[in-house]
Number of protein chains: 2
Amino acid sequence: MEISQFVLASRPLGIPSISNFRLEKTVLNDLNDGEVLLKPWYISVDPYMRGRMNSVKSYAASFEVDKPIKGAIVARIIESKSNSFSSGDIVVGTLPWATYSIEKAETLRKVDTEKVSPGFYLGILGMPGFTAYVGMMDICKPVKGETVVISGAAGAVGIVAGQIAKIQGARVIGIAGSDEKCRSLKEQFGFNEALNYNASKSLRKELAILCPEGVNVYFDNVGGEITGAVVANLDFHARIALCGQISQYNNSKPALEYTILPHLLTRSVMLQGFIVSNYSHRFSEALAQLTKWLNEGKLKYTETIVEGFDNLPEAFLGLFSGKNLGKMVVKVN
Amino acid sequence: MEISQFVLASRPLGIPSISNFRLEKTVLNDLNDGEVLLKPWYISVDPYMRGRMNSVKSYAASFEVDKPIKGAIVARIIESKSNSFSSGDIVVGTLPWATYSIEKAETLRKVDTEKVSPGFYLGILGMPGFTAYVGMMDICKPVKGETVVISGAAGAVGIVAGQIAKIQGARVIGIAGSDEKCRSLKEQFGFNEALNYNASKSLRKELAILCPEGVNVYFDNVGGEITGAVVANLDFHARIALCGQISQYNNSKPALEYTILPHLLTRSVMLQGFIVSNYSHRFSEALAQLTKWLNEGKLKYTETIVEGFDNLPEAFLGLFSGKNLGKMVVKVN
């Protein structure tokens, strides 16, 4: 059958654009035994995928030029030659950005979409949720009464990380890019405070006022000047989970910044660069606990849903201008 | 009795100078019960004391203007009104930079100077040695076959840290500021390789050639561009003990540098800012193990000895231009 797929047309230098993607037609083979035919339903776009567009060695393999972009996708089984799945089942896996695809059954995991939005398996019950869980529980370990700051707080990971810190009894301050996001963080997600970095004259000073005794935990999703402002407010023995650096992903060379190392030294700060796949042994606990908190109403989640397969590149690019509140997903009809 | 002492005359802005110190006369009180009269013999000058000349909040209390500079000193008991010490005993303690001083006996620890140089209690068997021990054993934890890089390798801490890593079976590369220091590191202290950053066109590239599989452990004493060059070569799951930042101590504001955080993120690096006093529960083990290695000939140590009490400020200032090989101490006759 003929399908459409997005391939990497060229590697971006700096900010990626629509022209780095190409929509093309191709033909699927017939199903072999043990394989299934899938139709994507919810497709994830994630900041880490920007790194995969480069050719440099990193923790995730590079996308290849002229080959399909791949990522987390919730899909419906259309046809099955596997005993594991039946037509109509909903599964999650790492699949090509294509209108249909054929996969081996063992690479897929069945999910229950009756109780939760299918997109949640790309967010709070998927990689971003696991990232928030192990980053907060295994690295940051906030305790009752500590002050936790989260950058990129209104994103797919930040919203969960902040709520987990709240559940641990911490006071949580989110940093986000608009007043609307800040309002949501406080009203919808229970953050104690939220700061709009785009409206701030001095994030460092505003944080100092909000955190007179210093910041104990910093969950960093963005890097750059925002991180500099938080680091200046760290208390002794603070912990930093270095989870994302979205402000830097489109730089063609490292940015010049004021050094933070002397401050990390004199404050005895621990920083852990952190890739969720390092913690795969923790995923079953994370999934169970996040599901429980979600069912109990202790965790809330939200998605920004872009409709239409053709809008995948645009949705992805929107991550870098903060177009999403919560998880950005593309829904395919 | 009349004594001489160095007081902090003024706080330096940027590079300190002789004029920040003032030698003045003062008079000691009579001895009370439980006190001893001390004559300093070996006086420690240490990079961390630069931070104490500032007024900013840090892990060590600031020196006060017009009050004596204090630091680690090996001293001889001249007169004792304590049952713990007799005249002639050699002790180590935190004492003023003075020709004589009176201290409470319980603040002092007796040391044996028959087998080791008295100055070693300010170096390998004192704070710098403990720093190297806990930094390497508790934070970096190198294992056999790993590659360890040490900046400020020819300093009081670096020389010990490198040899401890060697004892653990690692391959050790030192970075120092002269060909002479590099030669000593290799010939006298058993480092596998040593790089002179003052003679290097690209430390990053030279390290890349020496470490084709990447750097597993970085023990940082200096910060700045040297640290940038090492970080660019870190392997996945590398550990950084952030022990010193001597290249930055004389900056009146943070230096602009290329950000290292994206690299720490994608390489899953752990960095621990690290003050030896956090690890006081480890000192007895450190002292026992360092003494054992020293006696077995597995650890070697060296000192740069400046003669004469009056030369204390100059010896201290020399730390910032790399005048020392091993521990810088001032010997008083």
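All values reported here derive from a predicted model rather than from experimental measurement.

Notes on the overall build of chain A
Item 1. When its secondary structure is counted, chain A shows nine helices and 16 strands.
Item 2. Computed over C-alpha atoms, the radius of gyration of chain A comes to 20 Å, within 12% of the 20 Å expected from 2.2 N^0.38 for 333 residues, which places it in the range of a compact globule.
Item 3. Viewed in the frame of its principal axes, chain A has a C-alpha envelope of about 65 × 45 × 35 Å.
Item 4. Across the 333 residues of chain A, 50% fall into the buried class.
Item 5. Residue pairs at least 24 apart in sequence account for 65% of intrachain contacts in chain A once pairs closer than 6 positions are excluded.

Thoughts on the relation of the copies chain B and chain A
Item 1. With an RMSD of 0.0 Å, the operation that places chain B on chain A is a rotation of 180 degrees combined with a shift of 0.0 Å along the axis. Here the transformation between the copies is reduced to the relation of a two-fold axis.
Item 2. When the interface residues of chain B are mapped onto chain A, 100% of them again fall at the interface, so both copies present the same face.

Quick word on the domain arrangement of chain A
Residues and elements named next belong to chain A.
Item 1. As assigned here, chain A comprises domain 1 (2-123 + 302-331) and domain 2 (127-277).
Item 2. Here the C-alpha centroids of domain 1 and domain 2 sit 29 Å apart.
Item 3. Contacts between the two partners involve 15 residues from domain 1 and, on the opposite side, 16 residues from domain 2.
Item 4. Taken together, the residues that form the side of domain 1 that touches domain 2 break down as seven nonpolar, six polar and two charged.

Structural notes on the interface of chain B and chain A
Item 1. Taken residue by residue, the interface counts 29 residues in chain B and 29 residues in chain A.
Item 2. Of all the elements in the fold, those that place two or more residues in the side of chain B that touches chain A are β13 (256-258), α7 (261-266) and β14 (270-273) of chain B.
Item 3. The element contributing the most residues to the side of chain B that touches chain A is α7 of chain B, with five residues.
Item 4. Taken together, the residues of the side of chain B that touches chain A sort by class into 15 nonpolar, twelve polar and two charged.
Item 5. Two strands pair when backbone bridges link them, and strand β13 (residues 256-258) of chain A and β13 of chain B are joined in this way by three bridges, in the antiparallel orientation. Within the sheet, the bridge partner assigned to Tyr258 of chain A lies in β13 of chain B and is Leu256 of chain B.

Brief notes about the packing of helix α2 (residues 127-140) of chain A against helix α3 (residues 158-167) of chain A
Residues and elements named next belong to chain A.
Item 1. Put simply, α2 and α3 touch, their axes get as near as 8 Å, and they point 40 degrees apart. One element, α2, and the other, α3, form an angle in the oblique class. Here the hand of the crossing between α2 and α3 comes out right-handed. Judged by residue contacts, Pro128, Gly129, Ala132, Tyr133, Gly135, Met136 and Met137 of α2 engage Val160, Ala161, Ile164 and Ala165 from α3.

Some thoughts on the sheet that holds strand β9 (residues 171-176) of chain B
Item 1. If you trace the twelve strands from one edge of the open sheet to the other, you get β10(A)-β9(A)-β8(A)-β11(A)-β12(A)-β14(A)-β14(B)-β12(B)-β11(B)-β8(B)-β9(B)-β10(B), paired in mixed fashion. Because the sheet does not close on itself, it has two edges, and the strands there are β10 (193-196) of chain A together with β10 (193-196) of chain B. Taken pair by pair, the neighbouring strands of this sheet meet at an average axis angle of 15 degrees, ignoring direction.
Item 2. Packing against the sheet, α2 of chain A makes contact with β11 (215-220), β12 (234-242) and β14 (270-273) of chain A, and its axis sits at approximately 140 degrees to β12 of chain A.
Item 3. Its contacts with the sheet put helix α4 (residues 179-187) of chain B on β9 and β10 of chain B, and the angle it makes with β10 of chain B is roughly 170 degrees.

Looking at the packing of α2 of chain A against helix α8 (residues 283-296) of chain A
All names here are of chain A.
Item 1. The contact between α2 and α8 brings their axes to 9 Å, and the two run at 100 degrees. Relative to α8, the element α2 lies roughly perpendicular. Contacts from Gly129, Phe130, Tyr133 and Val134 of α2 reach α8 at Phe283, Ala286, Gln289 and Leu290.

Here's the deal with the environment of Lys144 of chain A
Residue and element names in this part refer to chain A.
Item 1. By the element assignment, Lys144 lies in the loop between α2 and β8 (147-151).
Item 2. You can call Lys144 exposed: it has 8 C-beta atoms within 10 Å.
Item 3. Along the chain, Lys144 and Gln168 lie 24 residues apart, while their C-alpha atoms are 6.1 Å from each other.

A few points about the environment of Gly123 of chain B
All names here are of chain B.
Item 1. Checked against the element boundaries, Gly123 lands in the loop between β7 (109-110) and α2 (127-140).
Item 2. In this structure Gly123 comes out as buried when scored by C-beta crowding, with 29 C-beta atoms within 10 Å.
Item 3. C-alpha of Gly123 to C-alpha of Val160: the two residues are 37 residues apart in sequence and 9.2 Å apart in space.

As for α3 of chain A
Residues and elements named next belong to chain A.
Item 1. Across the ten residues that make up α3, a large majority, eight, are buried.
Item 2. Among the residues of α3, Gly158, Ile159, Val160, Ala161, Gly162, Gln163, Ile164 and Ala165 are the ones counted as buried.
Item 3. Those residues of α3 that are buried lie in contact with α2, β8, β9 (171-176) and β11.
Item 4. Positioned one or two residues after α3, Gly169 has a phi angle of 95 degrees, which is positive.

Some details on the pairing of β10 of chain B
Residue and element names in this part refer to chain B.
Item 1. Pairing between β9 and β10: four bridges, direction parallel. By the bridge assignment, Ala176 is partnered in β10 with Asn196.
Item 2. The handedness of the β9 to β10 crossover, carried by α4, is right-handed.

Calculation notes
Residues numbered from 1 in each chain as written. Chains lettered and ligands numbered in written order. Predicted model: local features only at pLDDT ≥ 70, side-chain atom pairs only at ≥ 80, totals over all residues. Helix = DSSP H or I, 4+ residues; strand = E, 2+ residues; numbered from the N terminus. Rg over C-alpha atoms; globule rule 2.2 N^0.38 Å. Buried ≥ 20, exposed ≤ 12 C-beta atoms within 10 Å, placed from the backbone. Contact = placed C-beta atoms within 7 Å. Least-squares fit on C-alpha atoms with pLDDT ≥ 70 in both. Domains from an automatic or database assignment. Nonpolar A, V, L, I, M, F, W, Y, C, P; charged D, E, K, R; others polar. Pairing = 2+ DSSP bridges. Axes fitted to C-alpha atoms, helices over the stretch in contact; angles between N-to-C directions. Parallel < 35°, antiparallel > 145°, perpendicular 65-115°, else oblique. Left-handed = near helix turned anticlockwise from the far one by under 90°. Right-handed = clockwise from strand over helix to strand, strands pointing away.

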